[in-house]
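Summary of the model geometry
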Amino acid sequence: MTKPRQAMPGPAAPAPGRDEIAARLWAAVLRLAHGLRAPAERHDLTPSRLTTLGVLPAHGPLRVGDLAHGTGIGMPSTSRLVDILVTAELVGRRPKAASTRGNSRGSSSRSATSS
């Protein structure tokens, strides 16, 4: 039985330089970013909305203030953000449990929960 002949290696192609590797990597990152962003944009999911949707399942129901702290988004913006996500039926809101401190004015603080 004869051994298959191996092809003789030709001249080696020069290794790509740093600039070429960086350019290829940058192009790949841009393609990935676009591929990840396109579906989110179709559903009107901004980066802050995606961040919020990622935080809630990991931490469970959170008060809006805790969600703001966890996402690094300001409290008023987080409250509006949760309203938008509730309207889109992506998260739910539930009233805050009654305080044991005897708050004479009703509390309007609510928790956001993942749907």
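So, here is what we can say about the structure in this document. (Residues numbered from 1 in each chain as written. Predicted model: local features only at pLDDT ≥ 70, side-chain atom pairs only at ≥ 80, totals over all residues. Heavy atoms only, no water.)

Examining the overall build of the protein chain
Applicable threshold: Strands are runs of DSSP state E lasting at least two residues, helices are runs of H or I lasting at least four, and both sets are numbered from the N terminus onward. Relative accessible area decides the class of each residue, using a 1.4 Å probe on protein chains only: under 20% of the type maximum gives buried, over 50% gives exposed, and in between gives partly exposed. Throughout, a residue-residue contact means that at least one pair of heavy atoms, one from each residue, lies within 4.5 Å. Exposure was quantified through the Shrake-Rupley algorithm and a 1.4 Å probe, taking into account, for residues, occlusion by the shown protein chains and nothing else.
Counting secondary structure elements, the protein chain contains 4 helices and 3 strands. When the helices and strands of the protein chain are listed from N to C terminus, the series reads α-α-β-α-α-β-β. Taking all 115 residues of the protein chain together, the buried fraction comes to 18%. Across the protein chain, contacts joining residues at least 24 apart in sequence account for 42% of those joining residues at least 6 apart. Carbon and sulfur atoms make up 58% of the accessible area of the protein chain, which totals about 9,300 Å².

Some remarks on helix α2 (residues 47-59)
The line we're drawing: Residue count minus one, scaled by 1.5 Å, sets the expected span of a helix. This arc describes the spread of directions from the helix axis toward the C-beta atoms.
The first and last C-alpha atoms of α2 sit 19 Å apart over 13 residues, in line with the 18 Å expected at 1.5 Å per residue. Taken as a whole, α2 has its buried residues at Arg49, Thr52, Val55 and Leu56. Relative to the axis of α2, the buried residues are bounded by an arc of 125° and lie together on one face. The exposed set on the far side of α2, more than 90 degrees from its buried face, consists of Pro47, Pro57 and Ala58. Looking at the residues trailing α2, positive phi occurs at glycine 60, about 75°.

Concerning the pattern of salt bridges
To keep it simple, the criterion reads: Salt-bridge detection follows one rule: a side-chain nitrogen of Lys or Arg within 4 Å of a carboxyl oxygen of Asp or Glu.
A complete count under the given rule lists 3 salt bridges for this structure. With a closest N to O distance of 3.2 Å, aspartate 66 and arginine 63 form a salt bridge. The class of aspartate 66 is partly exposed, set by a relative accessible area of 35%. Assessed through its relative accessible area of 43%, arginine 63 is described here as partly exposed. Note that arginine 93 and aspartate 83 form a salt bridge whose closest N and O atoms lie 3.3 Å from each other. A residue pair is termed long-range when its members are at least 10 positions apart, and arginine 93 in strand β2 (residues 91-95) and aspartate 83 in helix α4 (residues 75-87) qualify at 10 residues.

Focus: the nonpolar core
Soluble globular proteins: nonpolar side chains tend toward being buried together. Rules: Each nonpolar core is a collection of buried residues, namely Ala, Val, Leu, Ile, Met, Phe, Trp, Tyr and Cys, held together in the definition by side-chain atoms within 4.5 Å.
Ranked by size, the top nonpolar core spans 8 residues in total: Val55, Leu56, Leu62, Leu67, Leu81, Val82, Leu85 and Val91. When residues of this core are traced back to their parent elements, those giving at least two are α2 and α4. In terms of residues, this core owes the most to one element, α4, which gives 3 residues.

Points about the packing of α2 against α4
To be explicit about the condition: Think of each axis as a best-fit line through the C-alpha atoms, taken over the contacting stretch in the case of a helix, with angles from 0 to 180 degrees between the N-to-C directions. With respect to orientation, any angle under 35 degrees is reported as roughly parallel, any angle over 145 as roughly antiparallel, any angle of 65 to 115 as roughly perpendicular, and every other angle as oblique. When residues are sorted by character, Ala, Val, Leu, Ile, Met, Phe, Trp, Tyr, Cys and Pro go into the nonpolar class, Asp, Glu, Lys and Arg into the charged class, and all the rest, Gly among them, into the polar class.
At a closest axis distance of 11 Å, the pairing of α2 and α4 adopts a crossing angle of 80°. Classified by the interaxial angle, the pair formed by α2 and α4 is roughly perpendicular. Residues Ser48, Arg49, Thr52 and Leu53 of α2 form the contact with α4, whose own contacting residues are Leu81, Ile84 and Leu85. Partitioning the contact of α2 with α4 into residue classes produces 4 nonpolar, 2 polar and 1 charged.

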